[in-house]
Amino acid sequence: MQNFLFILGGLFLLIVGGNWLLKAAVDLSLKLKIPKIVIGMTVVSFATSAPELIVSINAALDGFPDLALGNVVGSNIANLGLVLAITILLSPIDVSKSFYNTDWPVMMLASLLFFFFIYFDGVLEKYEGITMVIFLFLFLVYLLRFQKPAVIDEDDEDDVMMPTYKTALFLGLGGCALWGGSELLINGAVGMATAFGVSERVIAITIVSLGTSIPELAASVIAVIKKEKAISLGNLIGSNIFNLLAVLGITSIITPIRVIDQGLLTNDIFWMLGISFLILPLVFIPKGLRLGWRDGMILVGIYLAFVYVTIG
């Protein structure tokens, strides 16, 4: 009963936190005159990746490396296979060329960098983590200086700026609510799963990763409802980049991460690479520069197949 209440409380905090964070992100983009996708890929992405960071650091320090790795790999799969799918099932997203010129290539480079660092020796070393964090820093510098909107937004002229103190308040409360909600959800979900004797890697790659992806889901769905689609798409792509480069990078700098369950290298990492790559052709097929409900159905199908194969 306690685990069930943790899950309900976590979901509530995640939804409320996603709404607060979105308000702050939109206001920041207005105040700083920065494209909304940049805000989505920095402020919102970092805040919604905070649960992954906290969970992965704690797991690695406590001697559960598969939980740290599975959490990030599973979250990246869930962000695209479930969160993006639900987002575009609710409303199609029109994409412009900067998405495939910059954002998608960086996500793929981050994924491949992680793959080559860990696949051959099964360890993410400190120097590799430093390399990943440097790569993230260079990407953010480029993003803030040169990036243009990658999504066509609607109704921008209706935006009204809030007082600065209110923006800071929404940003702080939103981030805290997302973190607290994720912690409650993870504790409840892991508690329930452990009672059924599920392995650490399977818990991490499915339940924990799904729990830490709920902030992205909450922020993205609210963004679509409020017609802030740039933040919705930018949040998901940015979150995947942050998960790999910041979460695993920072965690491996603190303590090297060693793979224990080889299923992560023989199964999970290839699902992550595959679904990350698939986003590009889906943007062009069947209708150019657009993600619609058909793409959402494909992504949901892939995610369900991933869960089935992993549990099986």
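Positions within a chain are numbered from 1, following the residues in the order the chain's sequence is written. At least 70 in pLDDT is required for a residue's local features to be given in this predicted model, at least 80 for side-chain atom pairs to be given and counted, and no such filter applies to totals for whole chains, interfaces and linings, which use all residues. Hydrogens and water are ignored here; the side-chain numbers use all heavy atoms of the structure.

1. Re the overall build of the protein chain
Part 1 of the argument: The secondary structure content of the protein chain amounts to ten helices and four strands.
Part 2 of the argument: Working definition: helices are DSSP H or I runs of at least four residues, strands are E runs of at least two. Numbering for both runs from the N terminus. Of the regular secondary structure in the protein chain, the N- to C-terminal order runs α-α-α-β-α-β-α-α-α-α-β-α-β-α.
Part 3 of the argument: Compactness check: the protein chain gives a C-alpha radius of gyration of 18 Å against a globular reference of 20 Å for 312 residues, within 12% of the reference.
Part 4 of the argument: On the principal axes, the C-alpha backbone points of the protein chain span a range of 55 × 40 × 40 Å.
Part 5 of the argument: Of all 312 residues assigned to the protein chain, the portion counted as buried reaches 55%.
Part 6 of the argument: Here, two residues are considered to be in contact whenever any of their heavy atoms come within 4.5 Å of each other. Residue pairs in contact within the protein chain that sit at least 24 positions apart in sequence constitute 87% of those at least 6 positions apart.
Part 7 of the argument: As displayed, the protein chain has an accessible area near 13,100 Å², and 71% of this comes from carbon and sulfur atoms.
Part 8 of the argument: His residues and chain termini do not enter the charge count, which takes Lys and Arg as positive and Asp and Glu as negative. Working definition for charges: the position is that of NZ of Lys, CZ of Arg, CG of Asp or CD of Glu. Charged side chains of the protein chain number 17 positive and 23 negative; the gap between the two group centres comes to 9 Å. We take the radius of gyration over the C-alpha atoms and set the globule estimate at 2.2 Å times the residue count to the 0.38 power. Burial status follows relative accessibility: with a 1.4 Å probe on protein chains alone, a residue under 20% of its type maximum counts as buried, one over 50% as exposed, and anything between as partly exposed. Working definition of accessibility: Shrake-Rupley area with a 1.4 Å probe, residue cover restricted to the visible protein chains.

2. A look at the nonpolar core
Part 1 of the argument: As used here, the term nonpolar core means buried Ala, Val, Leu, Ile, Met, Phe, Trp, Tyr and Cys residues forming a set that is joined through side-chain atoms within 4.5 Å. By size, the foremost hydrophobic cluster in this structure holds 58 residues, and its most contacted members are Leu84, Phe114 and Leu248.
Part 2 of the argument: Those elements giving two or more residues to this core turn out to be helix H2 (36-61), helix H3 (65-90), helix H4 (97-118), helix H5 (126-146), helix H8 (229-254), helix H9 (263-284) and helix H10 (293-311).
Part 3 of the argument: Residues contacting Phe114, with those up to four places away along its chain left out, are Leu69, Val73, Leu124, Met132, Leu244, Leu248, Ile269 and Met272.
Part 4 of the argument: Core analysis: the next-biggest nonpolar cluster, separate from the first, contains ten residues, Ala59, Ala60, Ile203 and Ala204 among them.

3. Considering a nonpolar patch on the surface
Part 1 of the argument: Here a patch means residues that are over 30% exposed by relative accessible area and free of salt bridges, tied together within 9 Å if like-charged and within 5 Å if nonpolar (Val, Leu, Ile, Met, Phe, Trp, Tyr). Salt bridge, as used here: a side-chain nitrogen of Lys or Arg that lies within 4 Å of a carboxyl oxygen of Asp or Glu. A grouping of Met1, Phe4, Leu5, Leu8 and Leu11 is seen on the molecular surface, where their side chains present a nonpolar patch of about 520 Å² in accessible area.
Part 2 of the argument: Here Met1 is to be found in the segment before helix H1 (2-32).

4. Some thoughts on the packing of aromatic side chains
Part 1 of the argument: Ring pairs shown here join Phe, Tyr and Trp side chains whose ring centres sit within 6.5 Å, with only the six-membered ring taken for Trp; geometry is labelled stacked below 30 degrees between planes, edge-to-face above 60, and tilted in between. Going through the model one piece at a time under the given rule, you end up with ten aromatic pairs.
Part 2 of the argument: Taking the centre distance of 5.4 Å and the plane angle of 80 degrees together, the rings of Phe115 and Phe116 count as edge-to-face.
Part 3 of the argument: A relative accessible area of 10% places Phe115 in the buried class.

5. Side note on helix H6 (residues 164-195)
An α-helical segment advances 3.6 residues per turn. Residues three or four places apart therefore align on the same side.
Part 1 of the argument: Expected helix span is given by 1.5 Å per residue-to-residue step, counting one fewer step than there are residues. Along its 32 residues, H6 runs 47 Å from first to last C-alpha, staying within 8% of the 46 Å computed at 1.5 Å per residue.
Part 2 of the argument: One or two residues past the end of H6 sits Gly197, with phi positive at roughly 75 degrees.

6. Overview of the confidence of the model for the protein chain
Part 1 of the argument: Here the protein chain shows a mean pLDDT of 83. Residues at 70 or above account for 90%.
Part 2 of the argument: What pLDDT conveys is the predictor's confidence in a given residue, as a value from 0 to 100. Mean pLDDT across the secondary structure elements of the protein chain bottoms out at H2, with 74, and peaks at strand S2 (residues 123-124), with 95.

7. Focus: the side chain of Glu128
Part 1 of the argument: Secondary-structure assignment places Glu128 in helix H5.
Part 2 of the argument: From its side chain, Glu128 meets the backbone nitrogen of Glu125 in a polar contact 2.7 Å long.
Part 3 of the argument: Other than its neighbours up to four places away in sequence, Glu128 contacts Phe117 and Val123. Think of a polar contact as two N or O atoms within 3.5 Å of one another; within protein, one of them needs to be a possible hydrogen donor and the other a possible acceptor, and neighboring residues in sequence only count if both atoms come from side chains.

8. Comments concerning the side chain of Thr206
Part 1 of the argument: One can find Thr206 in helix H7 (residues 200-225).
Part 2 of the argument: Note on Thr206: relative accessible area 11%, which makes it buried.
Part 3 of the argument: In terms of polar contacts, Thr206 uses its side chain to reach the backbone carbonyl oxygen of Val202, at 2.4 Å.

9. Structural notes on the packing of H1 against H7
Part 1 of the argument: Interaxial distance between H1 and H7 falls to 8 Å at its minimum, and their mutual angle equals 50 degrees. Here H1 is positioned oblique relative to H7, judged by the angle of their axes. Two packed elements cross with a definite hand, and for H1 against H7 that hand is right-handed. Where H1 abuts H7, its residues Leu11, Leu14, Ile15, Gly18, Asn19 and Leu22 lie against Ile214, Pro215, Ala218, Ala219, Ile222 and Ala223. Lines fitted to the C-alpha atoms define the axes, with helices restricted to the stretch that makes contact. Angles between their N-to-C directions range from 0 to 180 degrees. For this classification, under 35 degrees means roughly parallel, over 145 means roughly antiparallel, 65 to 115 means roughly perpendicular, and everything else is oblique. If you view the pair so one helix is near and one far, a crossing is left-handed when the near helix is turned anticlockwise from the far one by less than a right angle, and right-handed when it is turned clockwise.

10. Description of H9
Part 1 of the argument: Over its 22 residues, H9 runs 32 Å from end to end, which matches the ideal 32 Å to within 8%, given 1.5 Å per residue.
Part 2 of the argument: Each residue is assigned a bend, namely the angle between axes fitted to the seven residues that terminate at it and the seven residues that start at it. Considering bend angle alone, the principal kink of H9 is centred on Ile269 and spans about 25 degrees.

11. Describing the pattern of salt bridges
Part 1 of the argument: If you walk through the whole model with that rule in mind, you get four salt bridges.
Part 2 of the argument: Residue Arg290 pairs with Asp94 through a salt bridge whose shortest N-O separation is 2.5 Å. Taken together, the residues span a long stretch of sequence, with Arg290 in strand S4 (residues 290-291) and Asp94 in strand S1 (residues 93-94) at a distance of 196 residues.
Part 3 of the argument: Of the residues examined, Arg290 reaches a relative accessible area of 26% and is grouped as partly exposed.
Part 4 of the argument: Here Asp94 falls in the partly exposed class, since its relative accessible area comes to 30%.
Part 5 of the argument: Across the pair Asp268 and Arg201 runs a salt bridge, and its minimum N-O distance is 2.8 Å. On the criterion of sequence distance, the pair formed by Asp268 in helix H9 and Arg201 in helix H7 is long-range, its members being 67 residues apart.

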